[in-house]
Amino acid sequence: MPHQQIIALGGDLAAVRSLVARVAPLVTYCGEAFAYHEERVDIAKRTATFGRESFAAMSAAGRLRWLNIAIGAKPLAEAGITAPQAADRSFALGLSARSTTLGDPRQPGTPGHRDGWLVGSPDAPPDLLLILACEHAYSLAEFVAEVLQLVSGAGLAVLYSEAGTRLPKDEEHFGFRDGISQPGVRGTVGDDPASLLTRRKLSPSHEDDAPEFSAPGEVLVWPGEFIFGYPMQDPHHFQRALPENLVDPFLVDGSFLVFRRLRQHVGAFRRAARSLVEQLTAFEEFREVDEAWLQARLVGRWPSGAPVQVFENGDPHDPPGSLDRFNNFAFRNAVPEVTTLDGETIPGTAADQNGLLCPFAAHIRKVNPRDARTNLGPATQTQKLRLLRRGIPYGPAWQSSEDDDATDRGLLFISYQRSIRLQFETLTQDWMNSSINPEGSAGHDVLVGQSRRESSGRTGVFTRKSGGPFRELATAEEWIEPTGGGYFFAPSRQAITSFLEAGEEGERQ
Amino acid sequence: MVASFGAPAFVNDLGAGPLAQWSAKVHGWFREAEQGLPVNGRLYNMIDRPADDAAHALIPWNGFPRKFALRWPTDVERRWRTAETVVDADMDGRSAAFFRRQGGGFVNARLPFRDQDEYCEWHTFRDPASGAIERIVFTSENPEYWQHLAETDEDRLLQLYRQLVSSNVARDDLFFNEDVFRPEVRNGQTLAVNQNGRYNPLNRWNTHAGIVHLTHPANSLGAEVALAADATILRRGAGGDLVTDDGNLICCAAYGGVNRSSDPTIGGRINELVRGGNAVTINDPIGLYIGDIDFQPIEPPGGIAAADCWRVVRGNAADKMILRAQFALPEGSGFALEDVLVGGEPLRFGAQLAELVTIVIHGRAIAVAGQAPTEECIRKCCRRSDIPTLQRIAELDEACPEPSPIAEAPGDDNFVLTANASAAATALAEEDLPNSNSRV
């Protein structure tokens, strides 16, 4: 949805339960969202309108209002529900307690320290998170006003409320197209075997011991990695499902939700990029590179989303075909040419085992090493660290005339996963913030990561040749500032009912 | 090219003679491993083959045992506690390869060790009376080096034990004073060699009461060299294509533990380098090393920096060659280690820090011409029927029954490492013989 409002609420159990009862009829469930998505994709394909713009074509369908709800650890515990806390220790501890694990500042008073967060600081953890979504800003404003009346009626305090808007071309504020690579979730919606949750653009794989793709570069992953109650990805096999654990009924069809409000200091990013280019061009083999080249290597993609591994010499801007042209690559192995079921031929891509084209420290390689082995085990294990990212930018787009960062803008990062600890936190703490992991000595994720050693800042390693020389750049400049968030559990319809009933029992006692 | 191999991390324990002997020993392992490979084998060593232009390949993996993380993905508390319990048989039922005579044969001596099999071991030193944590010590020191030290300089051995663990260490504590046998291969024959009077690597100061070097039967430097050698052989799957995925490779070649982070990663990287037209070796000084610890999740009290609690005792951090490091609060801080928050909760187990440790080996690769040795798969993997998140190596013609869903925690609350494993221990201990499968 191109327009969303994130609302964090606080109050006692009775008030939380009261609001949940009021908004429960408004919650959007999978079937409805899936039907809308299918229709939008069909129209988008017919009209060749993709990304944010594709929603406008749907506006005739009606005044759409979507709402999602997610509950914090405290009200669940007060209602006597313990399954989510037992399933994820980090959820039980909460984001503010885990903040430094994610690389956030440790010194109170430092920008980004949890004590100063706009939402989710240690003394005001949100109990409930609402996500409202509409096709248009004006309809969202109406929807928000109505929901806030319900909030007021329930006696809950609004701790935070902010709008997010998708930017043109689905860029984030640094100017790079976001969200190109997502996992392809296996499974069907309902019992109809033809009703696949993820459309297939490619024929089924006949190779048993390699990843299977729903679209070029889009690996099929078992749904239990994101939602409880379904088969999970086998850590030892690309395609095989792992039998589901016998999970508590409260968890079934639910998912953990991570919310991080990340302020982006675009001016600082661009200034640092200039400084890093100066460092790099001092080396003979990098003498000709410029700022755009460097920024693209920090991301792993050009602003259009074109991967540097495929488009080494410059940004093609528009994909020469569909967006699939921007996703048919892997790092360790060459990827063959494929022809989609629509008849589009997508060229293959050579491997980049030594990080000569896409550096090991590039953001897209750090957070999704694709077919690479990592410090956590073989590439089959790597498939278990995927997230369903559903973030949205907030604040006005950056203007090139701006030289400072007075304007608050950034990303309302939202991800869904089965385990906050094993997925979101591991790839943040163990990969992005490490100078070694996941693929060997390469530096930090300079774009989004944090340095473990506060004095030396973040480092990125660049090389033109296998075996070096390796050129290490460093920056202590911070351009991502965490300003809030929380860990939540997004319950199923059944679990919402259970929560309300458990609350009633609690009250009666 | 080097003239001789250095001691791990170039530590200065050995005199010139013993150091030369150590070098010869390491050199011998390499030569033996190289000779065990087919013609045109792709393992080399830095003494015999000059290659100044070799590329460095740092191979990292996590220090906390992956098998526990796979077994109990959500029960964090259980895997922390289990991982730092000293055992006499590991989760897979393996005991250390030491035996006592019984009747006309041998039974396993069930000596203690840590079930920490990622070349990273730690010990949480606690106050005997209160149970409060005094310090947590990590090591990646290989047992062969300490065995060598014991054989060449007993005084230095005792001095180091006293320095590293306790002033109460007595010389007799470090040596067997009973008939305990260890299988040793001599001239192609496996002999039961009486260790009475020899160094006991699983002595109490290196197990229950402290830590000096690695103890898990699979954590040996010889095993690392053997694994590296085995991984240089390219493998063809049933369809004739080269096996390239790390997980499939280790199942196909059976060169290590399939449920570890370390073995599939090391073997996979080495095999990848060979597929890329290289010969490979391990950089001098040969060793396993603690590469890094992530301080970020660690919040000591009173404004103390986490880095000030971490002291590299042996080796060096700058070159990612740490052999031994200790986590403790600075002297006189006035706080207890339980006041330190790790990931937002009080420090109660060394395992909490082990999850933040990265272990590395330093590989080297040189481009070579010709075709690398290529062989068929010799094994495959099956899911373990008792724990579906784990695999086991199986014979090619063996059936792999599919397990049914099981609960992660309920039902196996009474799981006890030693009791569960006892029946299998003696038989499986035979696999600890120093052959190329010793990491399995």
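Residues numbered from 1 in each chain as written. Chains lettered and ligands numbered in written order. Predicted model: local features only at pLDDT ≥ 70, side-chain atom pairs only at ≥ 80, totals over all residues.

Trainee: How do you make sense of the overall build of chain B when you look at a structure like this?
Mentor: Looking only at helices and strands, chain B features ten helices and 21 strands. What you see for chain B is a C-alpha radius of gyration of 22 Å, in line with the 22 Å of a compact globule of 440 residues. Summarising its shape, the C-alpha atoms of chain B cover approximately 65 × 60 × 55 Å along the three principal directions. By residue count, 51% of the 440 residues in chain B fall in the buried class. (Helix = DSSP H or I, 4+ residues; strand = E, 2+ residues; numbered from the N terminus. Rg over C-alpha atoms; globule rule 2.2 N^0.38 Å. Buried ≥ 20, exposed ≤ 12 C-beta atoms within 10 Å, placed from the backbone.)

Trainee: Is there a simple way to explain the overall build of chain A in this structure?
Mentor: Of regular secondary structure, chain A possesses 14 helices and 18 strands. Relative to a compact globule of 509 residues, whose C-alpha radius of gyration would be 23 Å, chain A shows 22 Å and is just as compact. For chain A, the spread of C-alpha atoms along the three principal axes comes to 75 × 55 × 45 Å. Put simply, chain A has 509 residues, and 53% of those count as buried. Across chain A, contacts joining residues at least 24 apart in sequence account for 67% of those joining residues at least 6 apart. (Contact = placed C-beta atoms within 7 Å.)

Trainee: Help me understand the sheet that holds strand 5 (residues 184–185) of chain A in this model?
Mentor: Residues and elements named next belong to chain A. Across the sheet, which stays open at both edges, the three strands sit in the order 5-7-6 with mixed pairing between neighbours. In the strand order of this sheet, the two ends are held by strand 5 and strand 6 (213–215), each with one partner. Summarising the sheet, strand 5 and strand 7 (residues 218–221) pair through two bridges and their orientation is parallel. The residue of strand 7 that forms the bridge with G184 is L220. (Pairing = 2+ DSSP bridges.)

Trainee: Help me understand helix 10 (residues 291–299) of chain A in this model?
Mentor: Since one α-helical turn is 3.6 residues long, residues separated by three or four positions face the same way. Residues and elements named next belong to chain A. When you tally the buried positions in helix 10, you get seven out of nine residues, the bulk of the element. For helix 10, the elements touching its buried residues are helix 9 (266–281), helix 11 (363–367) and strand 16 (458–462). Just beyond helix 10, the residue with positive phi is G300, at close to 95°.

Trainee: Mind showing me how you'd approach the packing of helix 9 of chain A against helix 10 of chain A here?
Mentor: A packed helix pair is summarised by two numbers, namely the angle formed by the two axes and the spacing between the axes. All names here are of chain A. Two numbers describe how helix 9 lies on helix 10: the axes approach to 9 Å, and their chain directions differ by 100°. The angle between the axes of helix 9 and helix 10 places the two elements in the roughly perpendicular class. On the side of helix 9, the interface is formed by A273, R274, L276, V277 and L280, while helix 10 contributes E291, L294 and Q295. Looking at the contact of helix 9 with helix 10 residue by residue, the class counts come to five nonpolar, one polar and two charged. (Axes fitted to C-alpha atoms, helices over the stretch in contact; angles between N-to-C directions. Parallel < 35°, antiparallel > 145°, perpendicular 65-115°, else oblique. Nonpolar A, V, L, I, M, F, W, Y, C, P; charged D, E, K, R; others polar.)

Trainee: Explain the interface of chain B and chain A here, please?
Mentor: A common way to state how big an interface is: give the accessible area lost once the parts meet. Taken together, the 44 residues of chain B in the interface contact 40 residues of chain A. Elements that contribute at least two residues to the side of chain B that touches chain A include exactly strand 1 (55–62), helix 2 (66–71), helix 7 (246–253), helix 8 (262–275) and strand 12 (289–293) of chain B. Tallying contributions element by element places strand 1 of chain B first for the side of chain B that touches chain A, with seven residues. Each residue belonging to the side of chain B that touches chain A can be placed in one class, and the counts come to 17 nonpolar, 17 polar and ten charged.

Trainee: Looking at this structure, I do not really get the confidence of the model for chain B. What am I missing?
Mentor: Regions with low pLDDT carry predicted coordinates that are not meant to be interpreted in detail. Here chain B shows a mean pLDDT of 89. Residues at 70 or above account for 91%. Within the model, the stretch residues 406–438 of chain B combines pLDDT values under 50 with 55 contacts to residues more than four positions away or in other chains. (pLDDT = per-residue confidence, 0-100.)

Trainee: How should helix 1 (residues 16–35) of chain B be read in this particular structure?
Mentor: Residue and element names in this part refer to chain B. Here helix 1 is 20 residues long and its end C-alpha atoms lie 28 Å apart, about the 28 Å a rise of 1.5 Å per residue gives. Taken as a whole, helix 1 has its buried residues at W22, S23, V26, W29, F30 and A33. Along helix 1, the residues classed as buried sweep out an arc of 115° about the axis, all on the same side. In helix 1, the exposed residues that point more than 90 degrees away from the buried face are A16, G17, A24, G28 and Q35. (Expected span 1.5 Å × (residues − 1). Arc of directions from axis to C-beta.)

Trainee: Is there a simple way to explain the nonpolar core in this structure?
Mentor: Soluble, globular proteins show a tendency: their nonpolar side chains are buried together. Among the nonpolar cores identified, the biggest contains 122 residues, and L19, L129, L130, L257 and F488 of chain A are the most heavily contacted of them. Among the elements that line this core, the one with the most residues is strand 3 (residues 128–134) of chain A, at seven residues. Per-domain counts for this core show at least three residues from each of domain 1 (1–72 + 126–166) and domain 2 (266–387 + 422–481) of chain A. Ignoring any residue separated from it by four or fewer positions in sequence, one finds L257 of chain A in contact with A70, L129, I414, Y416, F488 and A490 of chain A. One finds I136, L174, A231 and A365 of chain B within the second-largest nonpolar core, a separate group that totals 100 residues. (Core = buried A, V, L, I, M, F, W, Y, C linked by C-beta atoms within 7 Å. Domains from an automatic or database assignment.)

Trainee: It is not clear to me how the pairing of strand 3 (residues 99–102) of chain B should be interpreted in this structure. Could you clarify?
Mentor: Remember that side chains alternate between the two faces of the sheet whenever the strand is regular. Residues and elements named next belong to chain B. Bridge count for strand 3 against strand 4 (residues 105–108) is four bridges, and the pairing is antiparallel. Each residue of the ladder has a partner; that of Q102, found in strand 4, is G105. Once strand 3 ends, the chain turns through two residues before running back antiparallel as strand 4, passing G103 with a positive phi of about 60°.

Trainee: Even after reading the chapter, I still don't get the domain arrangement of chain A, so can you show me in this structure?
Mentor: Split into domains, chain A comes out as domain 1 (1–72 + 126–166) and domain 2 (266–387 + 422–481). Its C-alpha centre places domain 1 of chain A at a distance of 33 Å from the equivalent point of domain 2 of chain A.

Trainee: How do you make sense of the environment of L257 of chain A when you look at a structure like this?
Mentor: Residues and elements named next belong to chain A. Positionally, L257 belongs in strand 10 (residues 255–264). Taking the C-beta count within 10 Å as the criterion, L257 has 25 such neighbours and is therefore assigned buried. On a C-alpha basis, the gap between L257 and A490 in space is 6.3 Å, while along the polypeptide they are 233 residues apart.

Trainee: Got a minute to help me understand the environment of S167 of chain B in this structure?
Mentor: Take S167 of chain B: it is sitting in the loop between helix 5 (154–164) and strand 8 (181–186). Residues S167 of chain B and Q371 of chain B, 204 residues apart in the sequence, show an inter-C-alpha distance of 56 Å.

Trainee: What is the right way to read the sheet that holds strand 13 (residues 298–299) of chain B from this model?
Mentor: Strand pairing in a sheet relies on backbone hydrogen bonds. The paired strands run either parallel or antiparallel. The strand order 13-16-17 (chain B) describes an open sheet built from three strands, whose pairing is antiparallel. Looking at the sheet topology across the chains shown, the edges are occupied by strand 13 and strand 17 (345–346) of chain B.

Trainee: Is there a simple way to explain unusual backbone geometry in this structure?
Mentor: It is generally the case that most residues other than glycine have a negative phi and that most peptide bonds are trans. Each neighbour pair has its own omega, and for N437 of chain A with P438 of chain A the value is 0°, a cis peptide bond. Looking at where P438 of chain A falls in the secondary structure, it is placed in the loop between helix 13 (420–432) and strand 16. Residue P285 of chain B is bonded to the preceding D284 of chain B through a cis peptide linkage, with omega at 0°. Note on placement: P285 of chain B falls in the loop between strand 11 (278–282) and strand 12. In this structure, H317 of chain A takes a positive phi of about 65° despite not being glycine. A residue is classified by how many C-beta atoms lie within 10 Å of it, and H317 of chain A, with 13 of them, is partly exposed. Its identity as a non-glycine residue notwithstanding, F10 of chain B has a phi of 60°, on the positive side. Examined against the element boundaries, F10 of chain B turns out to sit in the segment before helix 1.

Trainee: I keep staring at the environment of V335 of chain A and nothing clicks. Help me out?
Mentor: All names here are of chain A. Following the sequence through the fold, V335 ends up in the loop between helix 10 and strand 11 (338–339). Accessibility expressed as a C-beta count within 10 Å gives 23 for V335, which makes it buried. Separated by 137 residues in the primary sequence, V335 and E472 place their C-alpha atoms 29 Å from one another. In this structure V335 touches N328, F329, A330, G348 and T349, once residues within four positions along its chain are discounted.

Trainee: Help me understand the packing of helix 1 (residues 13–23) of chain A against helix 8 (residues 137–154) of chain A, please; the structure alone is not making it clear to me.
Mentor: Residue and element names in this part refer to chain A. At a closest axis distance of 8 Å, the pairing of helix 1 and helix 8 adopts a crossing angle of 145°. The two elements helix 1 and helix 8 cross, and the hand of that crossing is right-handed. Residues A15, S18, L19, R22 and V23 of helix 1 form the contact with helix 8, whose participating residues are V147, L150, V151 and A154. Looking at the contact of helix 1 with helix 8 residue by residue, the classes come out as seven nonpolar, one polar and one charged. (Left-handed = near helix turned anticlockwise from the far one by under 90°.)

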